[in-house]
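Understanding the architecture of this molecule
The primary structure of each chain is shown beneath.
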Amino acid sequence: MLASPPAAANTGSAVGGATVEKGKTALEYRLAGALDDENAGQDDRIRTRVHLDHAFTDLYAARLVLVMDRRKGDGFEASGLSLQNRFHIIKRADHGWDGGLRLNYTFADGDKKPDDLSLRFYQEFPLAGFDVRFNQIFGHEIGEDSGKGIRVEWRSQITRKIGGGGTALGLDFFHDFGNLADQAGYRAQQHALGPVVKAKFGGGYGLEAGYRVGVSAAAPDHSATFIFTRSW
């Protein structure tokens, strides 16, 4: 099952793609931080994630994710371990766009319960020289200390390649609507946007860097994510 732990303002998260390539293995490291003077729980907070992903077929890939979290004034602690299943269902070669889904389960560490189960839909398609991605995420708490209701997120990204290499520039949009069973208006939701740069290098190395500014009161004022990938 495919999972990724919920995090305020999606710090450490990215707008995912749908593609799966048979036989491909990827090791990924993510470093993310947030600043917000009016939110002690998010100010000077740092998260790290390590992903190990392998595609067994052109349809299915599995991923293991270890998440670490450091709040202001504390040391790093394990936050959760995620098991992820990725399915590439619609192929661009056949339909002009890529579509897939992920089934995620996160085992929360120690006092950070409850666990989290999520179903995620991914679309990626070309548009007038741009690459456009959409993600729809539906999550539910599981087990100890769990509550009722469905958590909903929407993520989108638009990028365009620059020069003749593997570099692309664009914008990310993150919208965390929270639990639909407990809504308190736009200010209580987490909405953020900002620029993103993606680059591919020789030897299977890749880099993605994004900065986002919060546009709703509950989102951190500033957050940044750096993603380093080695695939083979």
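For every chain, the first residue of the written sequence is number 1, and numbering continues from 1 onward in sequence order. Local features in this predicted model are restricted to residues whose pLDDT is 70 or higher, and side-chain atom pairs enter the listing and the counts only when it is 80 or higher, whereas totals over whole chains, interfaces and linings include all residues. Calculation of side-chain values draws on the structure's entire complement of heavy atoms; hydrogens and water are dropped beforehand.

1. Remarks on the sheet that holds strand 8 (residues 151-162)
Test applied: Note on pairing: DSSP must find at least two bridges between two strands before they are called paired. A run of H or I in DSSP becomes a helix once it reaches four residues, and a run of E becomes a strand once it reaches two; helices and strands are each numbered from the N terminus. Helix axes are fitted only over the stretch in contact, all axes being lines through C-alpha atoms; the angle between N-to-C directions runs from 0 to 180 degrees.
On the basis of which strands lie adjacent, the closed barrel formed by twelve strands has the order 1-2-3-4-5-6-7-8-9-10-11-12 and antiparallel pairing. Averaged over all pairs of adjacent strands, the angle between strand axes in this sheet comes to 20°, irrespective of strand direction. Of the pairings in the sheet, the one linking strand 3 (residues 60-70) to strand 4 (residues 77-90) comprises ten bridges and is antiparallel in character. Bridging from a neighbouring strand, D69 pairs with E77 of strand 4.

2. Topic: empty space enclosed by the protein
Here is the rule we go by: A cavity here means a set of points on a 1 Å grid, drawn over the protein atoms and nothing else, where a 1.4 Å probe fits but cannot get out; a pocket is an open set with protein on both sides within 12 Å along at least five of seven lines, and a residue lines either one if it has an atom within 4 Å of a point. Grid points are joined across faces, edges and corners, and a volume is the space filled by probe spheres set on the points.
The full count for this structure, using the stated rule, is two cavities of 30 Å³ or more. At the level of secondary structure, the elements contributing two or more residues to the lining of the largest cavity comprise strand 11 (205-214) and strand 12 (222-231). Among the elements that make up the lining of the largest cavity, the one with the highest residue count is strand 11 (four residues).

3. Regarding unusual backbone geometry
Omega for the peptide link from K113 to P114 comes to 15°, which places this bond in the cis form. Although it is not a glycine, A128 sits at a positive phi angle of roughly 50°. By secondary structure assignment, the location of A128 is in the loop between strand 6 (115-127) and strand 7 (130-142). Positive phi, close to 65°, is recorded for D145, a residue that is not glycine.

4. Description of the side chain of H88
Which entries qualify depends on this criterion: Buried, partly exposed and exposed residues are distinguished by accessible area as a fraction of the type maximum, computed with a 1.4 Å probe on protein chains only: under 20%, between the cut-offs, and over 50%, respectively. Within 3.5 Å is the distance limit for a polar contact, defined as a pair of N or O atoms, with the added protein rule that one can donate a hydrogen and the other accept it, and that residues adjacent in sequence qualify only through two side-chain atoms. In this analysis, two residues are considered to be in contact whenever any of their non-hydrogen atoms come within 4.5 Å of each other.
With respect to the helices and strands, the residue H88 is situated in strand 4. Given the relative accessible area of 5%, H88 is considered buried. Side chain to side chain, H88 and K91 meet in a polar contact 3.1 Å long. Setting aside residues no more than four positions away along its own chain, H88 makes contact with A18, T19, V20, D58, L59, D98, G99 and G100.

5. Observations regarding the confidence of the model for the protein chain
Cut-off, in case you're wondering: pLDDT gives the predictor's per-residue confidence on a scale running from 0 to 100.
Confidence in the prediction for the protein chain averages 92 pLDDT; 96% of positions are at 70 or higher. For residues 1-9, every residue scores under 50 in pLDDT, and the model assigns this stretch 44 contacts once sequence neighbours within four places are set aside.

6. A look at the pairing of strand 8
The two faces of the sheet receive side chains in turn, since in a regular strand these alternate between them. Here strand 7 runs beside strand 8; their pairing, made up of nine bridges, is antiparallel. From the neighbouring strand, N135 faces strand 8, where its bridge partner is R155. By the bridge criterion, twelve bridges tie strand 8 to strand 9 (residues 167-179) in an arrangement that is antiparallel. Bridged to I158 within strand 9 is L171.

7. Quick look at the pattern of salt bridges
For clarity, the cut-off: By definition, a salt bridge exists where a carboxyl oxygen of Asp or Glu is found within 4 Å of a side-chain nitrogen of Lys or Arg.
Within this structure, the stated rule accounts for 16 salt bridges. Notably, a salt bridge pairs D115 with K113, separated by 3.1 Å at the nearest N-O pair. On the accessibility criterion, K113 (27% relative accessible area) is partly exposed. For the salt bridge of R151 with D116, the shortest nitrogen-to-oxygen distance reads 2.9 Å. Here R151 is found in strand 8, whereas its partner D116 is found in strand 6, with 35 residues between them in sequence. By relative accessible area, which is 14% here, R151 ends up buried. Classification of D116 as buried rests on a relative accessible area of 3%. Sharing partners across several salt bridges, the network here consists of R92, D98, E124, D131 and R133.

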